[in-house]
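# Summary of the model geometry
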Amino acid sequence: EEAIAAPKNLMPVAFLWLLLFSSSLAVGASSPVPLPVTDGLVAFYPMQEPAGTPRRSLVGRNGLPLYEALYADTGARINATQLQRVDIGSGMFGPYALQVTAGQMLVAPRDESPELSAAIAGPHAQVTVVAWARKNTTDQRQNSMAFVAGVWAEDGWRQYSVFLDLAKGNLSHLIDFEISGIGVATPGHKWCVTRAIGTRAVPQRVWNCLTLTYDGRQIRAYNNGTLEPRGTGTGGDHSYSNPYNYTQGIFNPGPGRGVDFTVGNKVCRTPGQACPAPFEGSIGGLAVYNRALTAAEVAEVCSIMPHGATATVPA
């Protein structure tokens with residue numbers, strides 16, 4: 001019996017569809033990424049979704065969803081709140097930005113988004129985090145910091161983090177980017193002190209491009225595409241530097257362990273252990289790379305800033 005041949009005019013179409021589908025799988029993207037540097041990009045969140053829906057990355061499996069959550073001492077309560085979006089006019093990646101109030105956060109569960117946690121770990125791991133952020137207040141709570149994004153639990157299983165407003169006297173309102181290769185507090189200290197700290201206070205109600213890079217040798221803290229140098233070296237609470245020499249890699253908690261990637265607040269690993277660090281303000285975009293961007297690449301990425309933003313930030 002003679003086989004039925006496919007119509008000739010459909011074959012090029014099928015081939016083209018297969019080619020496009022294969023290409024989309026290769027880059028893991030469902031939409032074009034509006035960033036000038038995409039090599040090593042594992043997640044990019046434009047933060048344009050309305051309240052009540054997960055924020056999704058333009059790259060990564062299933063969009064690496066960030067779920068709305070409410071901070072609790074027993075762990076983040078997913079879907080217990082709704083994070084609003086604020087109209088910022090002509091923003092970085094659209095007309096909106098994520099609005100975060102105290103106690104609110106976004107959570108990417110570790111088992112759903114290993115690209116943000118388990119895959120960025122080990123003795124040779126590298127990372128870059130870029131956050132377009134605008135804080136709403138200069139109020140500095142006693143012994144409190146503002147956590148922007150990362151994989152971090154102050155009571156254990158630390159990997160990488162972007163903080164603002166280090167609660168230590170003249171270090172308040174500075175960028176504070178931390179990396180841990182051991183997952184717990186630095187030996188001899190109550191907290192992790194392996195971190196790069198900037199030199200200039202981050203102003204309120206102004207957009208800033210906060211960037212952490214770690215290349216396996218140094219932690220670097222950039223603001224608006226510029227490294228804020230503070231000597232070079234290692235040390236404890238009284239010898240901060242930027243860049244900060246650190247060769248212990250990024251902690252790998254192993255299968256079935258570790259904490260989630262979060263935005264707006266860090267999490268606690270121990271039930272009942274209070275360790276909040278609420279960020280209050282707007283986030284207009286968030287990118288995570290599995291390599292350290294060069295200084296030139298950081299400057300290029302951070303050249304994307306809002307023009308003509310008209311929204312007044314809520315007090």
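For clarity, every value in this text was computed on a predicted model and none was experimentally measured. (Residues numbered from 1 in each chain as written. Predicted model: local features only at pLDDT ≥ 70, side-chain atom pairs only at ≥ 80, totals over all residues. Heavy atoms only, no water.)

### Structural notes on the state of the cysteines
Filter applied, for reference: Disulfide assignment relies on a single distance test, namely cysteine sulfur atoms paired within 2.5 Å. A run of H or I in DSSP becomes a helix once it reaches four residues, and a run of E becomes a strand once it reaches two; helices and strands are each numbered from the N terminus.
What the rule picks out here adds up to one disulfide. Between the sulfur atoms of Cys209 and its disulfide mate Cys302 the distance is 2.1 Å. With the S-S dihedral at roughly -65 degrees, the linkage between Cys209 and Cys302 falls on the left-handed side. Of this pair, Cys209 sits in strand E12 (residues 208-214) while Cys302 sits in the segment after helix H2 (295-301), and the two are 93 residues apart along the sequence.

### Notes on unusual backbone geometry
Using the following cut-off: Buried residues are those whose accessible area, probed at 1.4 Å on protein chains only, stays under 20% of the maximum for their type, while exposed residues exceed 50% and partly exposed ones sit between those limits.
Cis geometry marks the peptide bond from Asn242 to Pro243, where omega comes out at 5 degrees. Looking at where Pro243 falls in the secondary structure, it is placed in the loop between strand E14 (226-227) and strand E15 (244-245). Positioned with a positive phi, Arg205 is a non-glycine residue whose angle comes to about 55 degrees. Within the fold, Arg205 resides in the loop between strand E11 (195-197) and E12. Accessibility expressed as a relative area gives 37% for Arg205, which makes it partly exposed.

### Quick word on the packing of aromatic side chains
Put simply, the rule is: Between rings of Phe, Tyr and Trp, where Trp is taken as its six-membered ring, a pair exists when centres lie within 6.5 Å; planes separated by under 30 degrees are stacked, by over 60 edge-to-face, and by other angles tilted. Only lysine NZ and arginine CZ atoms are considered, and such an atom sits over a ring when it is within 6 Å of the ring centre and within 35 degrees of the ring normal.
Applying the stated rule across the entire model yields seven aromatic pairs. Ring geometry for Phe147 versus Phe163: centroids 5.2 Å apart, planes at 75 degrees, classification edge-to-face. Of this pair, Phe147 sits in strand E8 (residues 146-151) while Phe163 is found in strand E9 (residues 160-164), placing the two residues 16 residues apart along the sequence. Judged by relative accessible area, which is 0%, Phe147 ranks as buried. Ring centres 5.2 Å apart and planes at 15 degrees place the aromatic pair Trp157 and Phe251 in the stacked group. Here the residue Trp157 occupies a position in the loop between E8 and E9, and Phe251 occupies one in the loop between E15 and strand E16 (261-263), the gap between them amounting to 94 residues. Comparing Trp157 with Phe251 shows no difference in burial state: the two are buried. Site record: aromatic cluster; members linked through ring pairs are Phe44, Phe93 and Trp132. We note Arg85 situated over the ring of Tyr96; from NZ or CZ to the ring centre the distance is 3.8 Å.

### A look at the sheet that holds strand E10 (residues 175-179)
Put simply, the test is: Only strands that DSSP links by at least two bridges are regarded as paired with each other.
An order of E3-E2-E6-E16-E8-E9-E10-E11 is seen for the eight strands of this open sheet, with the pairing classed as antiparallel. The open sheet is flanked by strand E3 (77-78) and E11, the only strands paired with a single partner. Two elements, E8 and E9, share five bridges in a ladder whose sense is antiparallel. If you follow Gly150 over to E9, its bridge partner there is Ser161.

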